[in-house]
Amino acid sequence: MVTSLTVNGDRLSSAADPITPLVDVLREEFHLTGAKPVCREGFCGACMVLADGAPTLSCLMPAALAHDCNIRTVEGLALDGTLTPIQAALEACDAVQCGMCFPGMVVTLTHLLTIKPGATRDDIRAALTGNICRCTGYERIVEAALLAVAVK
Amino acid sequence: MPTDPIFRVDPSENSGAMNTQPPGSIYVARSLPAALDALNECGSAGAPFAGGTWIMRSPIRHEPHKPHYVAIGKIPELTAIRIDADVVEIGAAVTHAALASALTELSEFDVLATAAGRSANPAIRTIATIGGNLSTSGFAAADCVPALLCLDAEVEISSRGDQERISLERFLKIRPTLEPGRLLTRIILPRSDCKTAHARLPLRKAGDYPAAIVSLAVSFDAASRVQAVRVAVGSVEPVARRWERLEAALVGRPLDPAQAAEVAAELVDEFTGRDSVELPAWYRVSVLPSLVRRAAVAALDS
C-alpha cells in the first residue's frame, strides 16, 4: 500500500517499504534534506520534524505510521520566504555553526515557542535535551531562543 | 491477518535504495481483538509495534526486522490510564510523557513519574511506551522496569481468547520466551501510602541512558521506622531486579540515607555489572550506594 502524507502543505505519496524511516523518505524520495539522519537512534535530534504539530524523530518513525500525517520539515517553516521569529533570532545571534544539528534545533524551538511563548532559559534547555550540537554551540542557540521570546 | 489498513509493498514497486531487506508490512490495529488476531495469524513472523524506539534501531544492532508488525499505538484501551481509589491501571501503549503527566498529582507514584518523565529525551518520551519498556528483553537500562518492580506491579498478558495476570517479576522471567500472539496489555499498580523515589545516574545530566538506577518504595510505622520497603536496581545487570538483602537490612529502623548507603556498600558485591561500550561493569556497581542514598533522601522529601 502506498503511504500518503502531507509534507509542508503538499500532498505526497511514497511506495517505500513500510518500515522505512520517515527521514529517508523525506530525503531520498522527496528531496527534503533539511532533516539529517545522523545517529538514527533518537539521541541527536538532527532528524526532528513536526508530525501533526508535535516534534518527532523522523529516524524512528516508520513511513507507514506517517500515513495521513501532516509533516512539516525545516524547509516548510518560513512561509513565503519570511523567516519565523526563531529563525530570525538565530540568524541575528549568529548561532549557526556547521549546520548539522540546526534543522532539528529550529524545529524543536519552533514547537517550544508555539506551546510556551514565554519560555524561560530552563524551559529552552529542557526542550533541547534531545538536540545535540557537535560544535557545542548551545549558549548562542539558547540566547537566540530567549531573544525570540523577548521580541514576541 | 486483517486486510485494512495493511501497508504492504509489492517488491516491484520498491524504490530499493533505502532498505536491503525484503519489504514487510505494518498493520495499524484499531482495536485490541484486531491486534490479537493479527499477532496470532502472524505467529513468529510478526511482532507488536508500540513506540518503535527499539524496533526502528534494529539495523544498528544488526538485527533483521520482522516481516510483519502490528502497530498498537492507536488502540483506545491500550492508551488509557485509569486511576481508582485502590488501583491504577495503565494501558501498555501509554507513552512515557502521558504517564508522567497523569501521575503528577499522585505522590505515591513519584518513582514512576520520575522514571517516565526523565528517561531519554522529550521527543523519545512522546513515543516510547511503558509496554515497550517492559517487553524489550534486550534493553537493560529501561527506567520504568525498576520503578514498577518497587511498586509491586502486576501485568496483564492477552492473546486471542485468553488473558492472564502475573507479577512483573514473573513476566521479566518469561518475556524472552513469550509465545508469538501474546501481548502485554496492561500494568496494574496497587495504591498505597508509600513514599517513593527514583534515583538514576546518566552519563550526561539528561538525555542519556542511566549507568545505574535505584528505585525505592518505603512505608513507615507510627514510630517512623521502616515498616516495609522495596528496592529495585536497574541498568546494572541485564535484567532489573529487587535488592532483597538491602530491603531486609533497612526494615525496623529509621530510614537514614547515609546509613542506608553504608549498608548498600556492604551488600553491593551481590551485583555483577554488565559491560558495555560506554561503561565498564564495575562502575555501574560502584555507584549503587550513592544512588541508594539519593533515593532515600528523595523519598524522605516526598
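Within chain A, the regular secondary structure consists of 5 helices and 5 strands. Starting at the N terminus and ending at the C terminus, chain A contains elements arranged as β-β-α-β-β-β-α-α-α-α. Compactness check: chain A gives a C-alpha radius of gyration of 15 Å against a globular reference of 15 Å for 152 residues, within 12% of the reference. Referenced to the eigenvectors of the C-alpha coordinate spread, the extents of chain A come out at roughly 45 × 30 × 25 Å. Out of the 152 residues in chain A, the part that is buried amounts to 51%. Across chain A, the fraction of contacts at a sequence separation of at least 24, relative to all contacts at a separation of at least 6, is 62%.

In this section: the domain arrangement of chain A. Residues and elements named next belong to chain A. Structurally, chain A comprises domain 1 (3-76) and domain 2 (85-151). Here domain 1 and domain 2 have C-alpha centroids that lie 21 Å from each other. On the side of domain 2, 11 residues touch domain 1, which itself brings 14 residues to the contact. Of the residues forming the side of domain 1 that touches domain 2, the biggest block, 3 residues, is contributed by strand β3 (residues 48-51). The residue inventory of the side of domain 1 that touches domain 2, partitioned by class, reads 11 nonpolar, 2 polar and 1 charged.

All names here are of chain B. Split into domains, chain B comes out as domain 1 (6-71), domain 2 (77-190) and domain 3 (195-301). When each unit is reduced to the centre of its C-alpha atoms, the spacing between domain 1 and domain 2 is 22 Å. Each partner contributes residues to the interface: domain 1 has 15 residues there, and domain 2 has 20 residues. Listed by contribution, the elements that provide at least two residues to the side of domain 1 that touches domain 2 are α1 (32-42) and β3 (46-49). Looking at the side of domain 1 that touches domain 2, the element that brings in the most residues is α1, giving 6 residues. Its residues assigned to classes, the side of domain 1 that touches domain 2 shows 7 nonpolar, 7 polar and 1 charged.

All names here are of chain A. Two elements in contact, helix α2 (residues 85-92) and helix α5 (residues 138-151), have axes whose closest approach is 8 Å; the angle formed by their N-to-C orientations is 130°. Here α2 lies oblique to α5, going by the angle between them. Of the two elements, α2 crosses α5, and the hand of that crossing is right-handed. On α5, the residues touching Pro85, Ile86, Ala89, Leu90 and Ala92 of α2 are Ile141, Ala144, Ala145, Leu147, Ala148 and Val151. Looking at the contact of α2 with α5 residue by residue, the class counts come to 11 nonpolar, no polar and no charged.

Rules used throughout
Residues numbered from 1 in each chain as written. Chains lettered and ligands numbered in written order. Predicted model: local features only at pLDDT ≥ 70, side-chain atom pairs only at ≥ 80, totals over all residues. Helix = DSSP H or I, 4+ residues; strand = E, 2+ residues; numbered from the N terminus. Rg over C-alpha atoms; globule rule 2.2 N^0.38 Å. Buried ≥ 20, exposed ≤ 12 C-beta atoms within 10 Å, placed from the backbone. Contact = placed C-beta atoms within 7 Å. Domains from an automatic or database assignment. Nonpolar A, V, L, I, M, F, W, Y, C, P; charged D, E, K, R; others polar. Axes fitted to C-alpha atoms, helices over the stretch in contact; angles between N-to-C directions. Parallel < 35°, antiparallel > 145°, perpendicular 65-115°, else oblique. Left-handed = near helix turned anticlockwise from the far one by under 90°.

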